[in-house]
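Working through the structure, step by step
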Amino acid sequence: MDPFFNFVSHNWWLVFPMSALLGSWARSWTKASERRHRRKVELYGLKNQQAEVEQASRREVQALVDAHEAVNRRWLDYELDIGKLIDFPVMTDVREPLTVAFLRAKREADGLRPDAPEHIVTAARLGEYRAAVRGFELAFEVAEREARRIKDSNFTGPERARLATARKLLRIASDAAATPAERQTAYKRARRELDGLIVLPEATLAALEEKLAGMLDAGAGRGAPSG
């Protein structure tokens, strides 16, 4: 240790520049630590912001899906109710531009609908789906308003009489008090009255026929002799 103390005793003046050097190094280390800490805090904040943005986007996608589904349910009220379509035939009349616009908007929105909210991952895709849903909502509102305004006024007097007859026949076809034969006959006659007047969607016919089939089966069961 003597050589070290001898060196220090003869070079004591080096303590001052060394102290300054050590102080500068300590300050640099402290600043570097502070910068690393700030970067960690900033990265943590950015990650949280990104998570909040993703969560908000998923909430918006889910809200759009819910709005999309709400319009589809309103359309199904017509598509599955033949009486409603007779009352407002424009809703299935593809000669009407507003009806065509609605059906086109529906196809576009249905085509862009995600299987799950997390499947939309870009702002462009979200914007595309948002525009499609808003367009679908608006097109349906316009078509429905026009259908309720026009009702059956586009038809001639004899055609309106056929629609009225079809309404009565369908009530008989859906009447549980009628016999199976009466219901079957009424349904067939109603179809003939509507032929050439209203285009009934396949879903409408399927729903009606399923309902009538259930009623006929129930009637047959009640009429069967007990064993």
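Computed from a prediction, not measured in an experiment: that's the story for all the values here.

Right, let's get into the overall build of the chain. Helix and strand content of the chain: 8 helices and 0 strands. Put simply, the chain runs from its N terminus to its C terminus through helices and strands in the order α-α-α-α-α-α-α-α. Here the chain, with 227 residues, has 30% of them falling under the buried criterion. Partitioning the contacts of the chain with sequence separation of at least 6, the portion at a separation of at least 24 is 71%. About 15100 Å² of surface is accessible on the chain, with carbon and sulfur atoms providing 58% of the total.

A separate point is the environment of E118. Here E118 is to be found in the loop between helix 4 (97-112) and helix 5 (123-150). Using a relative accessible area of 39% as the deciding quantity, one classes E118 as partly exposed. Residues E118 and V61, spaced 57 residues apart in sequence, show a C-alpha to C-alpha distance of 8.2 Å.

Taken together, the side chains of R27, K31, R35, R36, R38 and R39 make up a positively charged region of the molecular surface. Tracing the backbone through its elements, the reader meets K31 in helix 2 (residues 15-79).

Judged by nonpolar contacts, the single largest core of 44 residues is most densely connected at I86, M91, L194 and I198. At the level of elements, helix 2, helix 3 (82-87), helix 4, helix 5, helix 6 (157-173), helix 7 (180-194) and helix 8 (202-223) are the ones that each hand at least two residues to this core. In contact with M91, not counting residues within four places along its chain, are W75, Y78, L85, T99, F140, A143, E144 and A147.

Here helix 6 crosses helix 7 at 155°, and the two axes come no closer than 8 Å. Looking at the two axes, helix 6 sits roughly antiparallel to helix 7. Here helix 6 and helix 7 pass one another in a crossing that is left-handed. Residue-level contacts link R162, L163, T165, A166, L169, L170, I172 and A173 of helix 6 to E182, R183, A186, Y187, R189, A190, R192, E193 and L194 of helix 7.

Along its 28 residues, helix 5 runs 40 Å from first to last C-alpha, staying within 8% of the 40 Å computed at 1.5 Å per residue. Here helix 5 has its buried residues at L126, Y129, A132, V133, F136, A139, F140, A143, E144, E146, A147 and I150. Of the residues one or two after helix 5, K151 is the one with positive phi, at around 50°.

A separate point is the environment of F140. The residue F140 is located in helix 5 in this model. Spatially, the C-alpha atom of F140 lies 9.4 Å from that of N72, the residues being 68 residues apart in sequence. In this view, F140 contacts V71, R74, W75, Y78, M91 and F102; residues no more than four positions away in its chain are not counted.

A separate point is the confidence of the model for the chain. Averaged over every residue, the pLDDT of the chain is 81; the share at 70 or more is 74%. Mean pLDDT values over the elements of the chain span from 58, in helix 1 (residues 2-10), up to 96, in helix 4.

Following the sequence through the fold, A166 ends up in helix 6. By relative accessible area, which is 0% here, A166 ends up buried. Remark: the alpha-carbon pair of A166 and I86, spanning 80 residues in sequence, is separated by 8.3 Å. Ignoring sequence-local partners within four residues, the contact set of A166 consists of I86, A190, E193 and L194.

Conventions we followed
Residues numbered from 1 in each chain as written. Predicted model: local features only at pLDDT ≥ 70, side-chain atom pairs only at ≥ 80, totals over all residues. Heavy atoms only, no water. Helix = DSSP H or I, 4+ residues; strand = E, 2+ residues; numbered from the N terminus. Buried < 20%, exposed > 50% of the residue type's maximum accessible area, 1.4 Å probe, protein only. Contact = heavy atoms within 4.5 Å. Areas by Shrake-Rupley, 256 points an atom, 1.4 Å probe, with all protein chains shown as cover. Patch = residues over 30% accessible without salt bridge, like charges linked within 9 Å, V, L, I, M, F, W, Y side chains within 5 Å. Salt bridge = Lys/Arg side-chain N within 4 Å of Asp/Glu carboxyl O. Lys, Arg positive; Asp, Glu negative; His and termini not counted. Charge placed at Lys NZ, Arg CZ, Asp CG, Glu CD. Core = buried A, V, L, I, M, F, W, Y, C linked by side-chain atoms within 4.5 Å. Axes fitted to C-alpha atoms, helices over the stretch in contact; angles between N-to-C directions. Parallel < 35°, antiparallel > 145°, perpendicular 65-115°, else oblique. Left-handed = near helix turned anticlockwise from the far one by under 90°. Expected span 1.5 Å × (residues − 1). pLDDT = per-residue confidence, 0-100.

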